[in-house]
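As a plain string of letters, each chain reads:
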Amino acid sequence: MKCEPTVLKGSAVRRFLQFAILNVLLWACLPSLAASPSPITLAYDAPWECPDRQYFWQQIGSRSKWLAQVKPAAAAIVVGARIDRLDSHYSGHLRLIDQEGTIIERDIGGPNCVDVTSALALISAVAIDASLGPRRSDLDVPSRHRKSERWSVGAVGGIHTAIQPDKVAPTLGLSLSLHERSHSILSEYRLEGLVGWSDRLHVTSESDARFLWLASRATACPYQIAVSSVAFGPCALFEMGALRGTGSGAHNGHSNTGWWLAPGALLNWSIQPDPLRFRLAAGLIRPLVRDRFFFSPATEIFTPPNLGLVAEVEVGWAFE
């Protein structure tokens with residue numbers, strides 16, 4: 001069945017009947033169009049003072065990018081347009097069935113029939129190009145932004161002023177870190193295993209003491225400002241472990257171990273040229289347990305201070 005509706009101009013009743021027949025023909029053409037390609041079918045009905053069918057078709061052709069490049073036998077599109085005059089107003093209705101059987105309907109109104117005809121032609125051209133144009137499968141589909149997560153392991157070296165009297169004690173350790181980045185915010189969560197030791201402290205000419213500190217340090221840096229591969233921001237930390245003091249060289253020297261619990265805060269700076277991680281941090285801690293270390297009966301050797309300074313340098317390696 002080849003669908004080529006014949007359009008006549010006449011009274012409003014005749015136009016109504018023609019439009020009804022047009023819709024029947026459009027629906028009748030749809031199964032055959034889906035079954036096998038056929039030429040583009042155009043039906044057009046308008047009052048006598050409006051542009052004719054040929055003008056409407058030329059307007060579609062001048063606006064369509066792909067219509068002139070497609071052979072008639074390769075298309076399967078039905079276009080039906082109808083314009084009615086309502087007093088000094090023109091009302092246009094478009095029904096288009098594309099190659100896949102999708103029905104597109106639009107209504108346009110205006111005081112000028114030429115403008116209404118041109119608008120219907122433009123809508124038709126856009127729909128035809130969407131149906132005839134090449135299908136692209138390589139379009140970039142915007143994806144929901146997700147946080148990028150990476151782990152890293154590293155070696156840590158630093159100082160601690162609260163684990164021996166009046167001097168700075170060195171510390172060494174290993175770290176495991178999680179890095180989460182979202183836009184310009186970097187979050188870091190780190191767990192370190194640390195050991196620190198004191199110099200030999202001379203108590204008397206015959207006795208001395210040493211201190212050994214073993215602890216884990218948990219650090220949370222949820223809001224680091226990140227610019228490119230550099231990040232900077234505050235961190236909260238908590239140290240938990242033990243501080244052991246050992247006396248020697250005197251008959252009343254002995255060893256003793258106390259709990260170590262200390263919260264604190266750091267300022268953290270890092271640079272992260274993948275896959276390496278370099279980090280500097282410094283801050284204060286507040287020992288919650290302040291055990292007294294002394295030689296019996298009353299020679300006090302050391303009591304942890306109210307505040308201590310900590311600083312560290314880390315070199316790490318990131319992995320997925």
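Residues numbered from 1 in each chain as written. Predicted model: local features only at pLDDT ≥ 70, side-chain atom pairs only at ≥ 80, totals over all residues. Heavy atoms only, no water.

1. Quick notes on the state of the cysteines
In plain terms, the rule: Cysteine sulfur atoms that pair up within 2.5 Å are treated as a disulfide. Strands here mean DSSP runs of E at least two residues long; helices mean DSSP runs of H or I at least four residues long; both are numbered from the N terminus. Buried, partly exposed and exposed residues are distinguished by accessible area as a fraction of the type maximum, computed with a 1.4 Å probe on protein chains only: under 20%, between the cut-offs, and over 50%, respectively.
Taken as a whole and assessed by the stated rule, the structure comprises 2 disulfides. Covalently, Cys 50 is tied to Cys 113 through a disulfide, its sulfur atoms 1.8 Å apart. What sets the handedness of the Cys 50 and Cys 113 disulfide is the S-S torsion sign, and at about 110° it is right-handed. Taken as a pair, Cys 50 in the loop between strand S1 (41-45) and helix H2 (53-63) and Cys 113 in helix H3 (residues 113-132) lie far apart in primary sequence, 63 residues in all. The exposure class of Cys 50 is buried, given its relative accessible area of 6%. On the basis of relative accessibility, which here comes to 6%, the residue Cys 113 falls in the buried class. Note that Cys 221 is cross-linked by a disulfide to Cys 235, the S-S spacing being 2.0 Å. Of note, the bridge from Cys 221 to Cys 235 carries an S-S torsion of about 105° and is right-handed in sense. Of this pair, Cys 221 sits in strand S9 (residues 208-227) while Cys 235 sits in strand S10 (residues 230-248), placing them 14 residues apart in sequence.

2. What to know about the sheet that holds strand S3 (residues 89-97)
Selection criterion: In this scheme, strands are said to pair when DSSP sees at least two bridges between them. To get an axis, fit a line to the C-alpha atoms, keeping to the stretch in contact for a helix; angles then go from 0 to 180 degrees between the N-to-C directions. Here, residues are in contact when the closest pair of their heavy atoms is within 4.5 Å.
Pairing within the open sheet is mixed, and its 4 strands lie in the order S1-S2-S3-S4. At either margin of the open sheet sits one strand with a lone partner, and together these are S1 and strand S4 (103-110). Across the sheet, the mean angle separating the axes of adjacent strands is 10° when strand polarity is ignored. As defined by bridge partners, S3 adjoins S4 across 8 bridges and the pair is classed as antiparallel. Across the sheet, residue Tyr 90 finds its bridge partner in S4, namely Gly 110. The strands touched by H2 are S1 and strand S2 (78-86); relative to S1, the strand with the most contacts, the crossing angle is about 130°. The strands touched by H3 within the sheet are S1, S2, S3 and S4, with S3 carrying the most contacts at an inclination of about 15°.

3. Notes on the pairing of S9
The pairing of strand S7 (residues 185-197) with S9 spans 12 bridges and is antiparallel. Bridge assignment links Val 195 to a residue of S9, and that residue is Leu 214. Direction of pairing for strand S8 (residues 201-202) relative to S9: antiparallel, over a ladder of 2 bridges. Note that in S9 the partner of His 202 across the bridge is Asp 208. Where S8 hands over to S9, the hairpin turn is made up of 5 residues, counted between the paired strands. Relative to S10, S9 is paired through 16 bridges, and the arrangement is antiparallel. Bridge pairing in S10 links Ala 218 to Phe 238. Where S9 folds back onto S10 in an antiparallel hairpin, the turn is made up of 2 residues, including Ser 228, whose phi is positive at roughly 60°.

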